[in-house]
Amino acid sequence: MIEAAFHFPNGFLWGTATSSHQVEGGNRLNDWWAWEGQPGRILRGDRSGLACDWWGGRWKEDLDRAAAGGQTAHRLSVEWSRIEPEPGRWDPHALDFYREVLSGMHARGIEPMVTLHHFTNPFWLAEQGGWENENVVARFETFTRKTVAVLKDLTDFWCTINEPNIYIYLAYSTGDFPPGKKDIRAAFRVMRNQIFAHAAAYYAIHEIQPEARVGIAIQYRPLIPHTANPLDGVVARIQSRISNDLFPRALQDGRLRFPLRREHAAKVAHTQDYLGLNYYSCDHVSFDLSKAGELFGRRFYPEGADLSDIGWNANIPEGMARAIRWANTFGLPIYITENGIEDETDRIRPRYLVQHLHQAWKAANTGVPIRGYFHWSLVDNFEWERGWTQRFGLWALNPETQQRTERPSARLYAEICRENGITSDMVRRFAPEVFPVLFPG
Ligand code: FCB
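To start, this report covers the structure provided alongside it. (Residues numbered from 1 in each chain as written. Predicted model: local features only at pLDDT ≥ 70, side-chain atom pairs only at ≥ 80, totals over all residues. Heavy atoms only, no water.)

Let's talk about the packing of helix α7 (residues 136–151) against helix α9 (residues 184–208)
The cut-off we apply is this: As a rule, the C-alpha atoms of each element are fitted with a line to give its axis, helices using only the stretch in contact, and angles between N-to-C directions run from 0 to 180 degrees. In this description a helix means any DSSP run of H or I spanning at least four residues, a strand means any run of E spanning at least two, and both kinds are numbered starting from the N terminus. Any angle between 65 and 115 degrees counts as roughly perpendicular, while under 35 counts as roughly parallel, over 145 as roughly antiparallel, and the rest as oblique. For any pair of crossing helices, the crossing counts as left-handed if the nearer helix is rotated counterclockwise from the farther one by less than a right angle, and right-handed if it is rotated clockwise. In this analysis, two residues are considered to be in contact whenever any of their non-hydrogen atoms come within 4.5 Å of each other. Each residue gets one of three labels, nonpolar for Ala, Val, Leu, Ile, Met, Phe, Trp, Tyr, Cys and Pro, charged for Asp, Glu, Lys and Arg, and polar for the others, Gly among them.
The geometry of α7 relative to α9 is characterised by a closest axis approach of 9 Å and an angle of 30° between their N-to-C directions. Compared by their axis directions, α7 and α9 come out roughly parallel. Note on packing geometry: the crossing formed by α7 with α9 is right-handed. Residues Val-136, Val-137, Phe-140, Glu-141, Thr-144, Arg-145, Val-148 and Ala-149 of α7 touch α9, and the partners they reach there are Asn-193, Phe-196, Ala-197, Ala-200, Ala-201, Ala-204, Ile-205, Glu-207 and Ile-208. Considered class by class, the residues forming the contact of α7 with α9 number twelve nonpolar, two polar and three charged.

Right under this line is the structure:
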């Protein structure tokens, strides 16, 4: 039988992504640990607990699996509350831990990308008003300088802040993340502080390490007007400008386009060396007078969408194509820094994986500078306010016994990484239901 294949450019990075609080376990010194202890905050009352026990050393076995599966990169985050447990006090043990993990990655042929802020804050910072307090800009810069100075011989690949748009939305608009506020003014204050903190970190990193590659990871969620009604179009556009564009555009041209106030800050312009794109799904939007808090736009998945177990993600690969087109308007190298689906039984993940990668392949082969892909995630981990109800891992985890079980997607992804591409044979074996979509005729 004639085989077809979609190959990626040489040197394309193949990896997975994780974050400190979600995999390390025992992160008692951050705002999330306290939040998890409050009744009603996390589904079923779940706790991060030991998480994947990376702090206890199980990062070794998980990275062994990643390396055996042909992965060449891994995106992880460092935990600010461990590195700086009290203001100005640095814990050498924590810094040694991250040195050991990064060295362990190199020993396995895995290139690290290090995120400095992935949703969690030291408890002391939260008590000082967290990201609402302007002092956070200097605090974050100091933390960045310390961390980069210690780790600079082990990586030059930095992501300052993970998904500022999602963090701000959940922590200051829906109240699902600590500090649990529903306060639009606070949300814009936090956004401003995060923009300035990113820029300060950008310059600090380049001062210490001129060759560094520094960016953010933004979650781009295409928002599609549900009908031709112009009002659907207007609310979709406004929501998208605020949630998708405001932050990364400010880092591009220094213009902070808040809804009621504009600001120009030359020093935040041109502070991204690459665009980190997280894509999960897209929403339809329709004008709805009852949704004042969401700028009169109701968001939902289209009827008949290919939904994950509890309906949290829809498999919409065309959204990946849109997201990449959007990312390409920044004129920077692009890394897909997260993409994945919650799916305990691996019912939908194989097709989600090949269909999304197929879109990335199409873009990469028509000249879009996509340089790598990090699947979320390597192993099931603690999914924030959804606790352990969602399973994103290529490997399943039983958090009680710490036992890992390979899902078929782990084998599929390993084949993709080793091949540097997707073949018709892989699709036939792992996701036959989409074979005619990927290989028509
Ligand atoms: C992203 C987060 C990541 C993980 C995935 C499922 O928004 O960056 O930590 O929770 O969603």
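Structure's up, so let's keep going.
With respect to the pairing of strand β16 (residues 403–406)
Heads up, the rule is: Strands are treated as partners if at least two bridges between them are detected by DSSP.
Two strands pair when backbone bridges link them, and strand β15 (residues 395–398) and β16 are joined in this way by four bridges, in the antiparallel orientation. Bridge pairing links Ala-396 to Thr-405 in β16. Turn length for the β15-β16 hairpin, with the two strands adjacent in sequence and antiparallel, is four residues, and the turn residue Gln-402 shows positive phi of about 65°.

Side note on the sheet that holds strand β6 (residues 213–219)
With parallel pairing, the eight strands of this closed barrel are ordered in space as β2-β3-β4-β5-β6-β10-β13-β14. Geometrically, the sheet is characterised by an average inter-axis angle of 25° between neighbouring strands, direction not taken into account. Relative to β6, strand β5 (residues 157–162) is paired through four bridges, and the arrangement is parallel. Residue pairing in the sheet places Phe-157 in a bridge with Arg-213 of β6. The strands touched by α7 within the sheet are β4 (111–117) and β5, with β4 carrying the most contacts at an inclination of about 160°.

A closer look at the sheet that holds strand β12 (residues 297–300)
Taken together, three strands build an open sheet; the order of strands is β7-β11-β12 and the sheet is mixed. Looking at which strands have only one partner, the edges of the open sheet turn out to be β7 (223–225) and β12. Across this sheet, the average inter-strand angle for adjacent strands is 40°, counted without regard to direction. Here three bridges tie β7 to strand β11 (residues 283–287), and the two strands are oriented parallel to one another. By the bridge assignment for β11, Pro-225 is matched with Val-285. Docked against the sheet, helix α10 (residues 230–253) engages β7, β11 and β12, running at close to 125° with respect to β11.

Topic: the site of the ligand
In plain terms, the rule: Only heavy atoms are used to decide nearness, and a residue is near a molecule or strand if one of them lies within 4 Å of it. Pairs of N or O atoms are called polar contacts if they sit within 3.5 Å, as long as, within protein, a hydrogen donor faces a hydrogen acceptor (for residues adjacent in sequence, only side-chain-to-side-chain pairs). Computed by Shrake-Rupley with a 1.4 Å probe, the accessible areas treat only the displayed protein chains as cover when residues are assessed.
Near the ligand there are 13 residues, and of these Gln-22, His-118, Asn-162, Glu-163 and Glu-383 occur at the shortest range. A distance of 2.8 Å is found between an oxygen atom of the ligand and a side-chain nitrogen or oxygen belonging to His-118. Protein contact buries 97% of the 300 Å² of open area that the ligand shows by itself. Within the shell around the ligand, the residues separate by chemical class into five nonpolar, four polar and four charged.

Brief notes about the packing of aromatic side chains
We describe a pair of aromatic rings using the distance from one ring centre to the other and the angle between the two ring planes. What counts is decided by this rule: In this analysis, rings of Phe, Tyr and Trp, with Trp reduced to its six-membered ring, are considered paired at centre separations within 6.5 Å, and the interplanar angle assigns stacked below 30 degrees, edge-to-face beyond 60, and tilted for intermediate values. Buried means the residue's accessible area, taken with a 1.4 Å probe over protein chains only, is under 20% of the maximum for its type, while exposed means over 50%, and partly exposed covers the values in between. In our convention, an over-ring charge means Lys NZ or Arg CZ found within 6 Å of a ring centre and within 35 degrees of that ring's normal.
Within the structure shown, the criterion is met by 35 aromatic pairs. Taking the centre distance of 4.8 Å and the plane angle of 10° together, the rings of Trp-80 and Phe-143 count as stacked. Of the two residues, Trp-80 is situated in helix α4 (residues 80–83) and Phe-143 in helix α7; the sequence distance between them amounts to 63 residues. With a relative accessible area of 1%, Trp-80 lands in the buried category. With a relative accessible area of 0%, Phe-143 lands in the buried category. Among the aromatic residues, ring-to-ring pairing joins Trp-32, Phe-119, Tyr-167, Tyr-172, Phe-177 and Trp-384 into one connected group. Above the plane of the ring of Trp-395 lies Arg-65, whose end atom (NZ or CZ) is 4.9 Å from the centre. Lying over the aromatic face of Phe-330, Arg-249 brings its terminal NZ or CZ to 4.0 Å of the ring centre.

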